[in-house]
Amino acid sequence: MKNVRPYASPLFAAVLAASAALPVVAMAENSATVGGLIFVNKGLVGIGRIAANQRDKFGETFGSGSGMAVDPAAWSRDGAGYKGTLYLLPDRGYNAVGTADYRPRLNTISIGLKPTAPGATPGAGKEQSGVDAKLVDSMLFVDDKGGDMTGLDPESGVRPAAGDFPPLPQAVNGKIALDNEAIIRMADGTMFVSDEYGPYIYHFSADGHLLSATQPPKALLPMRKGALSFASNNPGPGASAPDPKDPETGRQNNQGLEGMAMTPDGKFIISMLQSAARQDGGDSGSTRQNTRAMIYDAADPDHLKLVHEYVVPLPVFKDAKDKTTIAAESEIVALSDKTFLMLARDSGNGQGLKGDTSLYRKVGIVDISNATDIAASDFDAGRPIAPKGVVDPSLTPATLTPFIDLNDKVDLARFGLHNGAPNDKNNLSEKWEAMGLVSVLDPNLPDDYFLFVANDNDFLTQDGFQVGAAYKADGGADVDTIFQVFQVTLPGLKK
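The model shown is predicted, which means the values in this text are computed figures rather than measured ones.

**Student:** So what about the sheet that holds strand 13 (residues 210–214)? Which residues, and what values?
**Tutor:** What the four strands build is an open sheet, ordered 10-11-12-13; its pairing is antiparallel. Sheet topology places strand 10 (180–185) and strand 13 at the edges, where each strand pairs with a single neighbour. Within the sheet, the average angular offset between the axes of one strand and its neighbour, ignoring direction, is 20°. Here four bridges tie strand 11 (residues 191–195) to strand 12 (residues 201–204), and the two strands are oriented antiparallel to one another. Within strand 12, the residue paired with Val-193 across the bridge is Tyr-202.

Have a look at this one:
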């Protein structure tokens, strides 16, 4: 174990204590107690990279981790090392100036792990060699008719409902628009993919064909002037911005289903908005704290049934100007149908950006055991759960317990990484958006797991190629895909 030290900074503790809207559970150093169970973070045990200029089998720049799924059947241990396969979901392509006709895809990564013992420091020159990650395949997603899908903003395009399919986001070129953010891969290879445009949950076959789409509750559908409008205000070349630029109700632009996970028993899917819906306080950066987690019965994968829904408060922190700010949810991993890990972060800071120091990147544990279930209530019809950011007095939100600090300077330094200046390739990049969990396969540590966390590098490279053209990211950025691996103790998790 690491040397004992305070886990949460005084600033973080003070801000959370001042936020009446954010229930927080007390925790011990390097551990968190939730529901009578003690969860332990043993710290970083491995780091690895894929180069920023990596290209996939289609000749296009590899985009890294908006979502991650680890194949438990392929995970094995051989002596001091491990090997396996994980799947990384890039988002909608390089879009520094508007969106592009990037074809959504899934990347297959072979992983080798030689973990450093918890608390130990790797030998010189080996700080970032514990994870050997290689891109081995890429597969395109296609629509229900076998046609290409696209990362283009759907502007005002809507494909009408047909058969079992609800209305779908459609770009000006007639393709279904998909801004995929999270993935669940089933044992038979079929996949659930969450989307920001809809915000929908899509079900794909093992070879990437669209099988079905699940709409969220009505209250989360983006509406402009009384009509369904999937635009995210990121128009492609020659396209028009939406009017108004933001939805009046429903999910905020680029704040759709950022997180999604399946419970360990395989019965339920949990999905979560990145931040509050417009009517729930999401019309202001300072009031967007209270988002929603939806739980679906997955017995029929093509007809998911909403069975529970809860208010989940996002973390608050002070930015560099001492302004209270809300962290955005970036990914979740289900521990049960009552608890899940939630990765949340700030924006605008990290390698490749003007701001070099992140003030918030943490994994917390969300517990919905005592929260109010709002599924199928008038809150799903449009009644705000938190008008102007204040939670409706009839509702009890979930609780959030801090667990892992990705900005931990001591932990990062052991592996040659840092948070802040110098803003070089060893400074963590902005967007950490992918998580996956696998057993350490040690009978003496039955509750220990490796938590893989990866960044979304936004395709930032000086040697890029996408949608038929070469490009260079602004500011000279070359942001590698980085894998961080933590060893954690998660009691009660069914394998």
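Following the structure, the description resumes.
**Student:** Run through the sheet that holds strand 27 (residues 448–456), naming residues and quoting values.
**Tutor:** Spatially, the five strands line up as an open sheet ordered 1-2-30-27-26, and their pairing is antiparallel. This sheet does not close on itself; its edge strands, each paired only once, are strand 1 (31–34) and strand 26 (431–439). Across the sheet, the axes of successive neighbouring strands diverge by a mean angle of 30°, strand direction being ignored. Of the pairings in the sheet, the one linking strand 2 (residues 37–50) to strand 30 (residues 481–489) comprises eight bridges and is antiparallel in character. Paired with Leu-44 across the two strands is Phe-486, which belongs to strand 30.

**Student:** Outline the pairing of strand 17 (residues 268–273), supporting the account with residue identities and numerical values.
**Tutor:** Judged by how many residues are buried, strand 17 sits mostly within the fold: six of six residues are covered. Of the two faces of strand 17, the one holding Phe-268, Ile-270 and Met-272 and the one holding Ile-269, Ser-271 and Leu-273 are both buried throughout. Relative to strand 17, strand 16 (residues 257–262) is paired through five bridges, and the arrangement is antiparallel. Directly across from Gly-259, in strand 17, lies its bridge partner Met-272. The antiparallel hairpin formed by strand 16 and strand 17 contains five residues in its connecting segment, where Gly-266 sits at a positive phi of about 75°.

**Student:** Explain the pattern of salt bridges to me, and be specific about the residues and the numbers.
**Tutor:** According to the stated counting rule, one finds 22 salt bridges in the structure shown. Lys-134 is the partner of Asp-132 in a salt bridge, and the nearest nitrogen-oxygen pair spans 2.9 Å. Residue Lys-134 is classed as partly exposed on the basis of its relative accessible area, which comes to 44%. The closest approach of N and O atoms between Arg-383 and Asp-378, which form a salt bridge, is 3.1 Å. Assessed through its relative accessible area of 35%, Arg-383 is described here as partly exposed. Residue class for Asp-378 comes out partly exposed when judged on its relative accessible area of 40%. Within this structure, Asp-280, Arg-292, Glu-309 and Asp-380 form a network of salt bridges that share partners.

**Student:** Residue-level account of the side chain of Lys-431, with values.
**Tutor:** Structurally, Lys-431 can be placed in strand 26. Beyond its immediate stretch of four places on either side in the chain, Lys-431 contacts Arg-345, Asn-455, Asp-456 and Asp-458.

About the cut-offs
- Residues numbered from 1 in each chain as written.
- Predicted model: local features only at pLDDT ≥ 70, side-chain atom pairs only at ≥ 80, totals over all residues.
- Heavy atoms only, no water.
- Pairing = 2+ DSSP bridges.
- Helix = DSSP H or I, 4+ residues; strand = E, 2+ residues; numbered from the N terminus.
- Axes fitted to C-alpha atoms, helices over the stretch in contact; angles between N-to-C directions.
- Buried < 20%, exposed > 50% of the residue type's maximum accessible area, 1.4 Å probe, protein only.
- Salt bridge = Lys/Arg side-chain N within 4 Å of Asp/Glu carboxyl O.
- Contact = heavy atoms within 4.5 Å.

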